[in-house]
Structure formats: structure tokens, C-alpha cells
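Next come the chains, spelled out residue by residue.
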Amino acid sequence: MSIGALNGFPRLCLIRHGQASLGTEDYDRLSGLGQRQGIALGERIVANYTDPFQVWSGTLKRHRQTLERVAPNRAGIVDAALNEYMVDHLVRSAVAQADTLKLTLPGDEAFADPKAYLDTFLAWFPAVLSFWQSDALACEQNGLWGDFHRRVLSPVERWKQQLGTGSSAVVITSAGVISTIAAELLGEDLAWQRELNISLYNASVTELVQDEGGKWRMIRVNCVDHLNLASRTLA
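Residues numbered from 1 in each chain as written. Predicted model: local features only at pLDDT ≥ 70, side-chain atom pairs only at ≥ 80, totals over all residues. Heavy atoms only, no water.

## A few points about the pattern of salt bridges
For the record, the criterion: We define a salt bridge as a contact between a side-chain nitrogen of Lys or Arg and a carboxyl oxygen of Asp or Glu at a distance within 4 Å. The secondary structure listing takes helices from DSSP runs of H or I that are at least 4 residues long and strands from runs of E that are at least 2 residues long, numbered from the N terminus.
Applying the stated criterion across every chain, the model contains 10 salt bridges. Between Asp147 and Arg150 there is a salt bridge, and its shortest N-O distance comes to 2.5 Å. With Asp147 and Arg150 both in helix 7 (residues 145-153) and 3 residues apart, this pair spans about one turn of that helix. For Glu207, the salt bridge is made with Arg220, and the minimal N-O distance between the two is 2.2 Å. With a gap of 13 residues between them, Glu207 in strand 5 (residues 205-210) and Arg220 in strand 6 (residues 216-223) connect regions that are remote in the sequence. Connected through shared salt-bridge partners, Arg11, Glu207 and Arg220 make up one network.

Structural data, given as C-alpha cells:
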């Protein structure tokens, strides 16, 4: 069955939240740009999804604020299983264990201004994820990768049931969650997951469907054609 033929199937739509407030005291809130991205997402959903569909989100502030703009008149299912791992704690743990891991660190200037050195951190972070995924990196706040993996996949059976009734699922969450779910459902490896994790744009849309044989297929990934070029951001 062609990808085009799958467009009429109920979809699992994985949305990364709008831009958060990197470099401020409260990262976990939408920036002004993030709020506008959320509105653009809402317009896309209205244009591309007809009833029935159910909206989900994590419990983090940036998730819920995106939800409010994507579907202001719908009661979303808010589920902590869709919350992101704590990137800052993972980075701190990596820095503390760098000698043991033989992990090269970004320079002091990058840590002093992570917003200005975002590309440096994006290039470095897959190595941190790889150590965590192999249980070489211990992080008390995030626990084990295996536990995170199981947690974020726990809603999948409910989504399958929902799709089986003809209802799409629109899920607002974070890059680590989206990349983990997509990799698992599509049978991709952790290297693929890490690459998708660091490349997902804010307010991007990734859509999967199950074909008639129950196999998951990707319709689109990291799609931001509802945003203008200036508002496509990774942080």
C-alpha cells in the first residue's frame, strides 16, 4: 500500500511543543514565538483533521500551553507519561562523569551561553544520550533509560485502540518522547532515535498510521510547512 493511500487512515500525530524560553529562569514556558507557533499548529489541525480525534499532552507547562493554543475548545487528556526527560540534569551528570566516560565536553563559553552555542550542544548531545541509553551514564534525577522508554510507550496501546475506532490521536509532547515513540513503532535503532531527537523543530508534526496489516508507517516527519521560515527553531 502506498503512503498516499494511507492518508485517509486515522493518524497518530506527534507534535513537538512550541518554542520554550531557553536562557531564562523558567525554560518550561512558551516564548512569544512559541505562542504564535501554537496558534499556527491549531490552524493546521483544524484544516487537516476532522472529527473524531482526541488531543493528548504531557503535564509540563510548555506542553499544556501548546495544547491551549492547538485545541482551545477541546478537553485534552493530560498524561505525565508524555513528559520529557530532564535535559539539564542529564547534561550535569555527563559533565560530572566526563572523565570516567572519556567524554569530551563543550568549552566553558558554551555552558556560559547555551542559547548562543545551541549548535555545539546539538552536536555533542547524542553522545550523552548514547551513554545514558547504554547505562554507562548514571543520572539520579532521570533514572534509567529503560524506565523512560517504558514510560513514554505506555499510552501506545490506548492510541491503538483509539485508532481502531476510527479516531485519530493528536499528541503534544517533546522531542525525546516523540523520537522514542517513533523509533519503537517503526522498528528503528537508537542511533536513528538520537538523530531525530536533536533534529525535531519546535511545533513540528510527525504523523504515523497503522496499515491494514497492523504495521506502523510514517506519513511525514518533522513537518513545519505550517510555520514560516523565521519561526522554525530547534530550541
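## Describing unusual backbone geometry
Where we set the bar: Exposure is judged per residue with a 1.4 Å probe applied to protein chains only, and the accessible area is read against the type maximum: over 50% gives exposed, under 20% gives buried, and values in between give partly exposed.
If you check the backbone angles, Asp135 has positive phi at about 65° while not being a glycine. In this structure, Asp135 sits in the loop between helix 6 (118-133) and helix 7. You can call Asp135 exposed: its relative accessible area is 51%. Here the phi dihedral of Ala203 falls at roughly 60°; this positive angle occurs in a residue that is not glycine. With respect to the secondary-structure elements, Ala203 resides in the loop between helix 10 (190-199) and strand 5.

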